[in-house]
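A look at the structure
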Amino acid sequence: MSTLAPVLPLDPETLREDFPILSVRLHGDVPLVYLDNAATTQRPRQVIQSLVDVYEKQYANVHRGIHWLSDQSTDLYEEAREKARAFINARHREEVIFTYGTTEGINLVARSWGGKNVGAGDEILLTEMEHHSNLVPWQQLAQERGAVLRHIPITDDGRLAMDALPALLSRRPKLVAVAAVSNVVGTINPVAEIARQAHAAGALVLVDAAQSVPHLPTDVQALGVDFLAFSGHKMLGPSGVGILYGRRELLDAMPPFLGGGSMIRRVKLDTFEPAELPAKFEAGTPPIVPAIGLGTAIDYLHAIGLERIHEYERMLTIRAHQVLQSVGGVRLLGPAPEHKAGIVSFTLEGIHAHDVAQILDRHGIAARAGHHCAMPLHKRLGTNASVRASFYFYNTLAEVEQLAAALVETKRVFRKA
Ligand code: PLP
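Right, let's walk through the structure included here. Within each chain, residues carry numbers counting from 1 in the order of the written sequence. Only residues with pLDDT of 70 or above have their local features reported here, since the model is predicted, and side-chain atom pairs are shown and tallied only from 80 upward, although totals for entire chains, interfaces and linings are computed over all residues. Hydrogens are left out, water is left out, and the side-chain values use all remaining heavy atoms of the structure.

**Thoughts on the pattern of salt bridges**
Whenever a carboxyl oxygen of Asp or Glu lies within 4 Å of a side-chain nitrogen of Lys or Arg, that contact is scored as a salt bridge. Applying the stated rule across the entire model yields 24 salt bridges. With its nearest N and O atoms 2.9 Å apart, the salt bridge here joins Glu 82 to Arg 85. Here the residue Glu 82 and the residue Arg 85 both occupy positions in helix α3 (residues 68-88), the gap between them amounting to three residues, near one helical turn. The class of Arg 85 is buried, set by a relative accessible area of 18%. Note that Lys 174 and Asp 122 form a salt bridge whose closest N and O atoms lie 3.5 Å from each other. Of the two residues, Lys 174 sits in the loop between α6 (165-169) and β7 (175-179) while Asp 122 sits in the loop between α4 (102-117) and β5 (123-127), which places them 52 residues apart along the sequence. Partly exposed residues are those whose accessible area sits between 20% and 50% of the maximum for their type, while under 20% is buried and over 50% is exposed, using a 1.4 Å probe and protein chains only. Since its relative accessible area comes to 33%, Lys 174 is described here as partly exposed. One salt-bridge network, held together by shared partners, links Glu 78, Arg 81, Arg 93 and Glu 282. Under the DSSP-based scheme used, a helix requires at least four consecutive residues in state H or I and a strand at least two consecutive residues in state E, with every element numbered from the N terminus.

**Quick word on the site of the ligand**
Any residue with at least one heavy atom within 4 Å of a molecule or strand is counted as near it. In the region of the ligand, the neighbouring residues are Ala 38, Thr 102, Thr 103, His 131, Ser 133, Asn 183, Asp 208, Ala 210, Gln 211, Ser 231, His 233 and Lys 234. Here a polar contact is taken to be a pair of N or O atoms separated by no more than 3.5 Å, where protein atoms must pair a possible hydrogen donor with a possible acceptor and residues adjacent in sequence count only if both atoms sit in side chains. Within the side chain of Ser 231, a nitrogen or oxygen atom sits 2.7 Å from an oxygen atom of the ligand. With respect to the ligand, the side chain of His 233 contributes an N or O atom lying 2.7 Å from an oxygen atom. The classification used treats Ala, Val, Leu, Ile, Met, Phe, Trp, Tyr, Cys and Pro as nonpolar, Asp, Glu, Lys and Arg as charged, and all other residues, Gly among them, as polar. When grouped by side-chain class, the residues that make up the shell around the ligand number two nonpolar, eight polar and two charged.

**Topic: the environment of Leu 306**
Looking at where Leu 306 falls in the secondary structure, it is placed in helix α11 (residues 306-325). Leu 306 sits 107 residues away from Val 413 along the chain, and the two C-alpha atoms are 40 Å apart. Contacts are assigned to residue pairs with any non-hydrogen atoms lying within 4.5 Å of each other. Ignoring sequence-local partners within four residues, the contact set of Leu 306 consists of Phe 87, Val 213, Pro 214, His 215, Leu 216, Pro 217 and Leu 301.

**Focus: the sheet that holds strand β13 (residues 330-333)**
By definition, the strands of a sheet pair up through backbone hydrogen bonds, in either a parallel or an antiparallel sense. Here, strands pair whenever DSSP counts at least two bridges between them. Strand order in the open sheet made by the four strands is β13-β14-β17-β16, with antiparallel pairing throughout. For this open sheet the edge positions go to β13 and β16 (368-370), each flanked by a neighbour on one side alone. On average, adjacent strands in this sheet sit at an angle of 30° to one another, irrespective of strand direction. Sheet analysis places strand β14 (residues 343-348) next to strand β17 (residues 386-390), joined by four bridges and oriented antiparallel. Its bridge partner lying in β17, Val 344 is registered against Ala 389. Fitted lines through C-alpha atoms give the axes, limited to the stretch in contact for helices. The angle between two N-to-C directions lies from 0 to 180 degrees. Taken strand by strand, α11 contacts β13 and β14, and its axis lies near 10° from that of β14.

**So, α3**
Between its first and last C-alpha atoms α3 spans 31 Å; for 21 residues at 1.5 Å apiece the expected length is 30 Å, and the two agree. For α3, the complete set of buried residues consists of Ser 70, Ser 73, Thr 74, Leu 76, Tyr 77, Glu 78, Ala 80, Arg 81, Ala 84, Arg 85, Phe 87 and Ile 88. Two residues or fewer after α3 comes Asn 89, characterised by a positive phi angle close to 55°. Take the number of residues in a helix, subtract one, and multiply by 1.5 Å to get its expected span.

**A word on the sheet that holds strand β6 (residues 148-152)**
The sheet built from seven strands is open, its strands ordered β4-β10-β9-β8-β7-β5-β6 with mixed pairing. Two strands bound the open sheet, and with one partner strand each, they are β4 (96-99) and β6. Across the sheet, the axes of successive neighbouring strands diverge by a mean angle of 20°, strand direction being ignored. Relative to strand β10 (residues 242-246), strand β9 (residues 227-231) runs antiparallel, the two sharing five bridges. Bridged to Ala 229 within β10 is Leu 244.

**Quick word on the packing of aromatic side chains**
Ring geometry is summarised as follows: Phe, Tyr and Trp rings, the Trp one being its six-membered ring, pair when their centres sit within 6.5 Å, and such pairs are stacked at plane angles under 30 degrees, edge-to-face over 60 and tilted between the two. On inspection of all chains with the given rule, the structure shows nine aromatic pairs. Ring centres of Phe 19 and Phe 393 lie 5.9 Å apart, and the angle between their planes is 65°; on these two criteria the pair is classed as edge-to-face. Residue Phe 19 is found in the loop between α1 (12-16) and β1 (25-26), and its partner Phe 393 is found in the loop between β17 and α14 (397-416); the two are separated by 374 residues along the sequence. Residue Phe 393 is classed as buried on the basis of its relative accessible area, which comes to 0%. An aromatic cluster of at least three residues, connected via ring pairs, comprises Phe 19, Tyr 300, Tyr 392, Phe 393 and Tyr 394.

Worth remembering: the numbers are spatial, not functional.
This is the structure in structure tokens:
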């Protein structure tokens, strides 16, 4: 990371040297163009090495042993928690819970907070652009409790129809759950404004930050949100670890989500007393090494700077819009680049998204095709499936041009067929 002294602008070619997988060649000798970062990102050597280091020198279970190795492991695990706390500017370390990812974080809140606080007829407000991870847990809760789900509608260009919010909030929902950035249309949602209005109406706010924390600066105190969930594997970290942030007073008042070791203070044969935060929500052996790897990923991102990452990805997105529009037959989903993070989804007239992605793959381009775990959003946009190119700071303008060229080729192949 010594090469990462703050140098503007961000230099993707230098950073790419940290990512061994980006030099992979496939299908004979085609270079990999990795444009599936919204699904999962790649890991730099520094993160990979930190995993090896722990396993080789410092691995034991955490918070349990009285031995040296367990102390080492526990220190690293808790250091990672502190890094995550600082990264999102949470006030207290107890507000940072290690989960296995965004999905678990949202389920934790739906089960624990929802189980205690949501009853028949209560409303939960979601949006039409949510990932299934921020729909299904609330549907499960609503089914169990007889609660009512409502949704902030979206405009035709994939932005939240904010003018609909006051009326929805006047129904006094218990919670508003919203993605900070859509994983399909890339829209950056006005989370701070939603939180302000929701709180004025007496609702709590949960943010699905899976697509925002890796790409934009995040400050939970400035946003004024109550819960925020994200995943390590979408921000250079290992899979199997994520973070749930929750305001301490709220987490304190919530019952444990999973029961087992580590989350207890005392157990009798027929009853238990839960542990203090954050252990209360970390039952069983946690994702020790993934959490430590996530800490290294946070160091790496911090050294580049989230502002620079965001600016750079915006530049790629603007260029992607320009070149894709020039292909002909491309329908870009979502708003103009100034309202977006680095996610560009589109359809190509007359050719199914899966077929497009297959031809792209022949050109070495890894893009995602399908509904991207957002079926209701696709329905609202009038399509079953789309192709998604999603960027990170290691992508280049040349790769964006390659995408457009491969789409021209895709059209040619299908015209012949
Ligand atoms: N929310 C959004 C917006 C996502 O993009 C994703 C993953 O694609 C998730 C939630 C679920 O994340 P995970 O599978 O890491 O739990």
